[in-house]
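A look at the structure
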Amino acid sequence: MDTDKEKRAIEYLRTFEPQTEPYYLCYSGGKDSDCVRILAALAGVKHEIWHNHTTADAPETVYYVRSIPGIHISYPERTMWQLIVDEMFPPTRQARYCCAKLKERGGRGRVKITGVRWAESKNRRDNAGLVRINGKPKKSAKTAADAGAKFMISPKENGIIMNNDNAETRKVVEMCYRTTSTTINPIVDWTDADVWEFLHHYGCASNPLYQCGRKRIGCIGCPLQSDAGMKRDFQEYPKYRQMYVHAFDRMIAAREAAGRIKPKEIEWTDGEHVMRWWVGDDARQITVDDINAIDALDHN
Ligand code: SF4
């Protein structure tokens, strides 16, 4: 394990520790959030560990999360199956409404700790830093400039990113966190090997799904994975497949009740048909853009 990285991560957590209340530590049940959980304990900073139950988590994840001492578990107002009916189409890579409504809830007005890492994806590399302040980018940028902090505007222009742990950056966090979504990402530069070595060193067994060959812990049927990954999920967890199919049946009924036309191009006859499309088995490959275009026609 790169002990310098470990020491630095601990220092980051001490530097940005809020004075008046504990950190809000976002805990998914995956390996990265186990790292930040252990680091927060090593740093001796005050923190609460929060997990957002998504209703589509694998049972192994649910049991593992419940085994974490002191964990707070938050349950969503609407389940995944209800959201699909509300939104009138399945979640997809381009329209991942479920993440915002199920997975990324909570912690408003708190300084959050996450296990976000650059190594996870190009999107993370572009949009994450040691400190990220989401929302009110103009105001945050002005605050950062006034404080003399080094910062960059995020590529999506919905926030600012800072990669220093100095007094200026700390000042910006103190001034902004109440009105924005502020995250400290102490392992942002860690590699997969860093993560596993750290967890082995501290005797963390981690989520048992990793021992079953999983690389990523997400919801069952998560559309952010490949079609093959979705199919594997549904082979391993047939009851969840059934719940999605039933939700798709209700979604079709909701579309019809709302007067959305059922065009020949889609011909979604029932939940099974939507499922085939969703996992990439329908050769026509209707895109979300197609659905949106059709819905727009309905409303004209
Ligand atoms: S992990 Fe996947 S399925 Fe779960 S909430 Fe996020 S995008 Fe949706």
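Residues numbered from 1 in each chain as written. Predicted model: local features only at pLDDT ≥ 70, side-chain atom pairs only at ≥ 80, totals over all residues. Heavy atoms only, no water.

Some remarks on the pairing of strand β8 (residues 181-184)
- Strand direction decides the pairing type here: strand β4 (residues 111-113) and β8, joined by 3 bridges, are parallel. Counterpart to K112 in the pairing with β8 is T183.
- Both strand β5 (residues 131-134) and β8 contribute to a ladder of 4 bridges, which runs antiparallel. Paired with I133 across the strands is T182, a residue of β8. (Pairing = 2+ DSSP bridges. Helix = DSSP H or I, 4+ residues; strand = E, 2+ residues; numbered from the N terminus.)

A closer look at the environment of A167
- Within the fold, A167 resides in helix α8 (residues 167-176).
- In this structure, the C-alpha to C-alpha distance between A167 and A149, residues 18 residues apart in sequence, is 8.4 Å.

Regarding the site of the ligand
- Neighbouring residues of the ligand: M80, C98, C99, K103, C219, C222, P223 and L224.
- By residue number, the principal contributor to the shell around the ligand is helix α5 (residues 97-103), which donates 3 residues.
- In terms of residue class, the shell around the ligand is built from 7 nonpolar, no polar and 1 charged. (Near = heavy atom within 4 Å. Nonpolar A, V, L, I, M, F, W, Y, C, P; charged D, E, K, R; others polar.)

Brief notes about the sheet that holds strand β2 (residues 47-52)
- One open sheet accounts for 8 strands, arranged β3-β2-β1-β4-β8-β5-β7-β6; its pairing is mixed. Each having just a single partner strand, β3 (72-74) and β6 (152-153) make up the two edges of the open sheet.
- The sheet contact formed by strand β1 (residues 23-26) and β4 spans 2 bridges and is parallel. Bridge pairing links Y24 to K112 in β4.
- The sheet contacts of helix α2 (residues 31-43) involve β1, β2 and β4, and relative to β1 the element is tilted by about 150°.
- Running over the sheet, α8 touches β4, β5, β7 (159-162) and β8 and is turned about 30° from β5. (Contact = heavy atoms within 4.5 Å. Axes fitted to C-alpha atoms, helices over the stretch in contact; angles between N-to-C directions.)

Topic: the domain arrangement of the protein chain
- For the protein chain, the assigned domains are domain 1 (3-209) and domain 2 (227-299).
- Just the C-alpha atoms count here: the centres of domain 1 and domain 2 sit 32 Å apart.
- Between domain 1 and domain 2, the residue contacts involve 19 residues of the former and 19 residues of the latter.
- Buried area between domain 1 and domain 2, both sides added, is near 1600 Å², and the carbon and sulfur share of it is 72%.
- When the area that domain 1 buries against domain 2 is broken down by residue, the three leading residues are W81, M88 and P90, summing to 42%.
- At the surface where domain 1 touches domain 2, the tally comes to 1 salt bridge. (Domains from an automatic or database assignment. Buried area = accessible area lost by both parts, 1.4 Å probe. Salt bridge = Lys/Arg side-chain N within 4 Å of Asp/Glu carboxyl O.)

Topic: empty space enclosed by the protein
- Summed over all chains, the structure comprises 2 cavities of 30 Å³ or more.
- Approximately 50 Å³ is the volume attributed to the second largest cavity.
- What lines the second largest cavity is H51, H53, D57, V62, V65, R66, I73 and Y75.
- Tallied by class, residues from the lining of the second largest cavity come to 4 nonpolar, 2 polar and 2 charged. (1 Å grid on protein atoms, 1.4 Å probe; cavity = no way out; pocket = protein on both sides within 12 Å on 5 of 7 lines; lining within 4 Å. Points joined across faces, edges and corners; volume = space filled by probe spheres on them.)

Some points on helix α4 (residues 80-87)
- Buried within α4 are the following residues: M80, W81, L83, I84 and V85.
- Against α5 and α12 (238-257) lie the buried residues of α4.
- Directly after α4, the chain includes M88, whose backbone phi takes a positive value near 65°. (Buried < 20%, exposed > 50% of the residue type's maximum accessible area, 1.4 Å probe, protein only.)

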